[in-house]
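# Understanding the architecture of this molecule
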Amino acid sequence: MSLIAKRLQAVRPSQTKAMTAAAAALREKGIDVIALSQGEPDFDTPDVVQRAGIAAIREGKTRYTPVAGVKPLREVIRQKLLHDNSLDYDIDAITVGCGAKQVVFNALFASLDPGDEVIIPTPCWVSYPDMVRLAGGELVLVACHERFGFKLKPQDLEAAMTPRTKWLMLNSPNNPTGAVYSKAELAALAVVLRRHPQVHVLADDIYEKLVYGVRFATMAEAAPDLIGRTLTVNGVSKSSAMTGWRLGYGAGPKDLIKAMNSIQGQTSSHTSSISQYAAIEAIGGNQDYIDDFVSSFRKRRDLVVEKINEAQGLKCRTPDGAFYVFVNCAGVIGKTSPQGKVIETDMAFAMYLLEHFGVAVVPGSGFMASPYIRISYAASIEDLQHACDRILAACEALSESESIYEQSKATA
């Protein structure tokens, strides 16, 4: 078996995509399903951005572009990073990819040697572990506990460090928890990083604009002396409702960016020229629509958090960013459904909600954390209200026998 084949064997099926596909299959059968599994805004791409894309087509901007992206776009990104994040990059230190996902993969593929370790705080986005495996790296998963806001503590970071550590991956606001690191919390992690000069930081800031009552900060801003070993990743998918346009970007050390461009040049080449010109408007133009997005998401978040915390056996924190609620479902584990099936895992609970109550969520095991489920509140208020009512009914329908979690607390 080839090395690549072995790496592919280790790749896990995406539970997010699996639940979304399962929900779609039930809908095709005429079953009423509310999908709260999708990780994308439900808003249309703003009109001003749509018009920029249409103009690019009509002006003939439909040909190949440089692999790293057209200069006007990279200049707008450079200005954005300077204005929003106090980060000063040369244009050659910026690259554009087919979504932030490709930028992250290119960075790992360009930098990892066999045996190199990548520290990933969990819960984490489902693709991180598999990206590391495909690039030949070794996973070092560090659990970030709910009682600490699902955030990495400096002492836990220190304990995970070895001479083989190559990257620390930080996602803030976080998918799936919505946790947002403060500038002070990032600075505390930077103290540890300074003791390990071989370690680089991949700061995935894709949800930067979607924060609620807190200030966003990124690692290179919190610790300017680490800018030379930090890759800052962002994009337009979440902030401008442009998931299908497939455009993300990264800014970092020039030698790393050059290597990433070499990889991209032999794979996808550049991202769509139309998407690039639309992104110039999305990043550099009027962004008043983001305030409307955030206001709407905040109302939806508050509704979901309030309703879920009324459910028997469920509890959740109020997230500070992104558009997810990460629900602790330990209180239903071990209970029995009306169909006589014991709910043994968060996956089983998610399937119970889907098959018997028509609500699609994602089990926390897909994010390397159990027993939890992730609810996306990127849906209408009406759908969220109906979905939460169904989830409450689903919990009430479970047997009243003590869950495994409750029994363990009683005997502790």
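Look up a bit, the structure's there.
This section reports on the structure supplied with the text. Fair warning: this is a prediction, and the values are worked out from it, not measured in the lab. (Residues numbered from 1 in each chain as written. Predicted model: local features only at pLDDT ≥ 70, side-chain atom pairs only at ≥ 80, totals over all residues. Heavy atoms only, no water.)

A cis geometry characterises the amide bond from Thr122 onward to Pro123, with omega recorded as 10°. As for its position among the elements, Pro123 is in the loop between β3 (117-122) and α6 (127-134). With an omega dihedral of -10°, the bond running from Ser172 to Pro173 counts as a cis peptide bond. With respect to the helices and strands, the residue Pro173 is situated in the loop between β5 (165-171) and α8 (183-194). The backbone of Ala241 sits at a positive phi, close to 50°, despite the residue not being glycine. For Ala241, the position within the fold is in the loop between β7 (230-235) and β8 (248-251). (Helix = DSSP H or I, 4+ residues; strand = E, 2+ residues; numbered from the N terminus.)

With that settled, the discussion passes to the nonpolar core. Leu108, Trp167, Met169, Leu231, Leu314, Phe349 and Ile375 are the most contacted members of the largest nonpolar core, which has 104 residues in total. Setting aside residues no more than four positions away along its own chain, Phe349 makes contact with Leu314, Cys329, Val332, Ile343, Ile373, Cys395 and Leu398. Counting 23 residues, the second-largest nonpolar core is a separate cluster that includes Ala190, Ala217, Met219 and Ala222. (Core = buried A, V, L, I, M, F, W, Y, C linked by side-chain atoms within 4.5 Å. Buried < 20%, exposed > 50% of the residue type's maximum accessible area, 1.4 Å probe, protein only. Contact = heavy atoms within 4.5 Å.)

Judged by pairing direction, the sheet is mixed, and its seven strands sit side by side in the order β2-β8-β7-β6-β5-β3-β4 without closing on themselves. Each having just a single partner strand, β2 (94-97) and β4 (138-143) make up the two edges of the open sheet. On average, adjacent strands in this sheet sit at an angle of 20° to one another, irrespective of strand direction. (Pairing = 2+ DSSP bridges. Axes fitted to C-alpha atoms, helices over the stretch in contact; angles between N-to-C directions.)

On to helix α4 (residues 71-85), then. Compared with an ideal rise of 1.5 Å per residue, which puts 15 residues at 21 Å, α4 spans 20 Å between its outermost C-alpha atoms and is within 8% of the ideal. Where α4 is concerned, the buried positions are Leu73, Arg74, Val76, Ile77, Arg78, Lys80, Leu81 and Asn85. Of the surrounding secondary structure, the elements contacted by the buried residues of α4 are β2, α9 (219-222), β7, β8 and α11 (273-284). One or two residues past the end of α4 sits Ser86, with phi positive at roughly 60°. (Expected span 1.5 Å × (residues − 1).)

Okay, the environment of Ser275 next. For Ser275, the location among the structural elements is in helix α11. Assessed through its relative accessible area of 4%, Ser275 is described here as buried. Taking the C-alpha atoms as reference points, Ser275 and Ile257, separated by 18 residues in sequence, lie 21 Å from one another. Once residues within four sequence positions are removed from consideration, Ser275 is found in contact with Trp245 and Leu247. Within the local environment of Ser275, its side chain forms a polar contact with the backbone oxygen of Trp245, the two atoms lying 2.7 Å apart. (Polar contact = N/O pair within 3.5 Å; in protein donor to acceptor, adjacent residues only side chain to side chain.)

A word on the pairing of strand β10 (residues 324-328). Among the five residues of β10, five are classified as buried, and the element is accordingly described as predominantly covered. As defined by bridge partners, strand β9 (residues 315-316) adjoins β10 across two bridges and the pair is classed as antiparallel. Each residue of the ladder has a partner; that of Cys316, found in β10, is Val327. Relative to strand β13 (residues 372-376), β10 is paired through five bridges, and the arrangement is antiparallel. Bridge pairing in β13 links Phe326 to Arg374.

On to the pairing of β8. Covered by surrounding structure in β8 are Gly248 and Gly250 together with Tyr249 and Ala251, the residues of both alternating faces. As defined by bridge partners, β2 adjoins β8 across four bridges and the pair is classed as antiparallel. Note on β8: the bridge partner recorded for Ile94 is Ala251. Two strands pair when backbone bridges link them, and β7 and β8 are joined in this way by four bridges, in the antiparallel orientation. Residue pairing across strands places Gly235 opposite Gly248, the latter belonging to β8.

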